[in-house]
Amino acid sequence: MEPGLFLIFGVFALCLMAGVPVAFCLGIAAVAGFLWEGLNPAVAFQQMASGMSIFSLLAIPFFIFAGEIMLHGGIARRLVALASAGVGWMRGGLGMVDVSTSMLFGGISGSAVADTSATGTILIPAMKAKGYGTDYAVSLTVTSSIAGILIPPSHNMILYSLAAGGGISVSALFIAGIVPGLMMCLLLALAAYVMAVRRGYPAEGWKGFRHLLWAFVDALPGLLTAVIILGGVLSGVFTVTESAAFGTIWALLVTLLVYRALPWGSFVLAVRTSVRTTAVVFLLVGTATAFAWLLAMYRLPELLTDGMLAISGNPIVILLLINLCLLLMGCVMDMAALILITTPIFLPVVVAIGMDPVQFGMVMMMNLGLGLTTPPVGAVLFVGCAIGQIRIEEVMRTIWPFWGAILVALALTTYWPAVSLTLPRLLLGYGG
């Protein structure tokens, strides 16, 4: 193996262990690699600039801003009310409401952290007040929030398309995430129901179809955000970037003029948070582009493909190894950084064994989304525990059934292509 590969990964690992932010770890390692090869370091910065100058990336700040507006503008509260009216009557009803709200909110915001913040702030205290265990409430909230990564829109899928070289349709990725996301939520709801029965959690009373209809009408303006985004993309009226912009404008108008629930202070907070998050994402994109350029120069994807095929020619075994690698890395690194780093490495391997790139995108989203709920770098887990005022160790003792539900969904998505590819083929004529 090339000495340069050892150098850049060694520098990256040392910086990571020293507590340097991941984006800077990638940039420092890339510059070290360029210097090792005797190349002008300016080339590294040119690669960074080119990586951040792609038009389709404009959709990311729009989606992030839309999620923050919904979080602070009253849409989340109405989605919780709609879910409660629809499924709250079941055993462990608030758990069912939690999963249903994550499906609805994830289909609008596309952010697992925003989902946990929005639904957790409302539902975790409500579940505790009704006698639900805090560990149950937090575990279900953080695991169901992964729906925001799979159910469109998802800015992480845009990053995946970019890391794959831009040749994968973002529209196809969006549509491909619907079935895996819904399947994962159904399995989580089943696990939540079984645990609720075993622990004797109560069911909420059925308030009638009139209450359900009113909750739907009240939540409809917020739900139309998802209709604008997906409908615009599927109809061909908007590109993904344009649909993100129009969806954000609609969310802003709804929260300001319809719900009137976005005071100036909350708006400023939403802008500040969006700008900070967008800056981090774009810096990651830039440094990861330079890092990936070096990996391609050293032919790492080809070397890894040959190495895995030498271990086994069985696609089942290779996909199992890749899933294990992604799960382990997701426990210790940020999701956006891993998408940008691992996609150029693993995508050629799965393509070589016949997996469709869109299907692999769903596998990666679910793997790395699960990493957000695991220590030591599980951002979603930290948010949920902070809201529930519970130690991570206590949550870890009882989160296993929910992790098991996600792993079942992951296995089906990995080994059954129809789960992720049927809808893109039917709705978009996708032929990958």
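None of these values were measured; they are calculated from a predicted model.

So, on to unusual backbone geometry. Even without glycine at this site, Arg260 takes up a positive phi of about 50°. Following the sequence through the fold, Arg260 ends up in the loop between helix 14 (240-258) and helix 15 (264-297). Accessibility expressed as a relative area gives 70% for Arg260, which makes it exposed. Here the phi dihedral of Gln389 falls at roughly 55°; this positive angle occurs in a residue that is not glycine. Along the polypeptide, Gln389 turns up in the loop between helix 20 (379-388) and helix 21 (392-396).

Quick look at the pattern of salt bridges now. As enumerated under the stated definition, the model contains 3 salt bridges in all. One salt bridge in this structure joins Asp218 and Arg78, with 3.4 Å as the shortest N-O distance. Taken together, the residues span a long stretch of sequence, with Asp218 in helix 13 (residues 209-235) and Arg78 in helix 5 (residues 75-87) at a distance of 140 residues. Looking at Arg78, the relative accessible area reads 11%, which means it is buried.

What follows covers the confidence of the model for the protein chain. Per-residue confidence for the protein chain averages 83 on the pLDDT scale, and 96% of its residues sit at or above 70. When mean pLDDT is compared element by element in the protein chain, helix 22 (residues 400-415) scores highest at 94, while helix 6 (residues 93-109) scores lowest at 74.

If you trace the backbone, Asn156 turns up in helix 10 (residues 155-163). As a C-alpha pair, Asn156 and Ile339 span 183 residues in sequence and 7.8 Å in three-dimensional space. Apart from residues lying up to four places away in sequence, Asn156 is in contact with Ile149, Met335, Ile339 and Met365.

Moving on: the side chain of Ser171. Position of Ser171 relative to the elements: it lies in helix 11 (residues 170-176). The residues contacting Ser171, other than those within four sequence positions of it, are Val233, Val240 and Leu428.

Moving on: the nonpolar core. Core analysis: the biggest nonpolar cluster contains 125 residues, and Tyr136 and Phe360 have the highest contact counts within it. Of all the elements, helix 18 (residues 335-352) adds the most residues to this core, at 12 residues. Look past the residues within four positions of Tyr136 in its chain and what remains in contact with it is Gly92, Gly95, Met127, Ala192, Met195, Ala196, Arg199, Tyr201 and Phe402. Counting residues in hydrophobic clusters, the runner-up holds 18 residues, among them Ala66, Ile75, Leu79 and Ala215.

About the cut-offs
- Residues numbered from 1 in each chain as written.
- Predicted model: local features only at pLDDT ≥ 70, side-chain atom pairs only at ≥ 80, totals over all residues.
- Heavy atoms only, no water.
- Helix = DSSP H or I, 4+ residues; strand = E, 2+ residues; numbered from the N terminus.
- Buried < 20%, exposed > 50% of the residue type's maximum accessible area, 1.4 Å probe, protein only.
- Salt bridge = Lys/Arg side-chain N within 4 Å of Asp/Glu carboxyl O.
- pLDDT = per-residue confidence, 0-100.
- Contact = heavy atoms within 4.5 Å.
- Core = buried A, V, L, I, M, F, W, Y, C linked by side-chain atoms within 4.5 Å.

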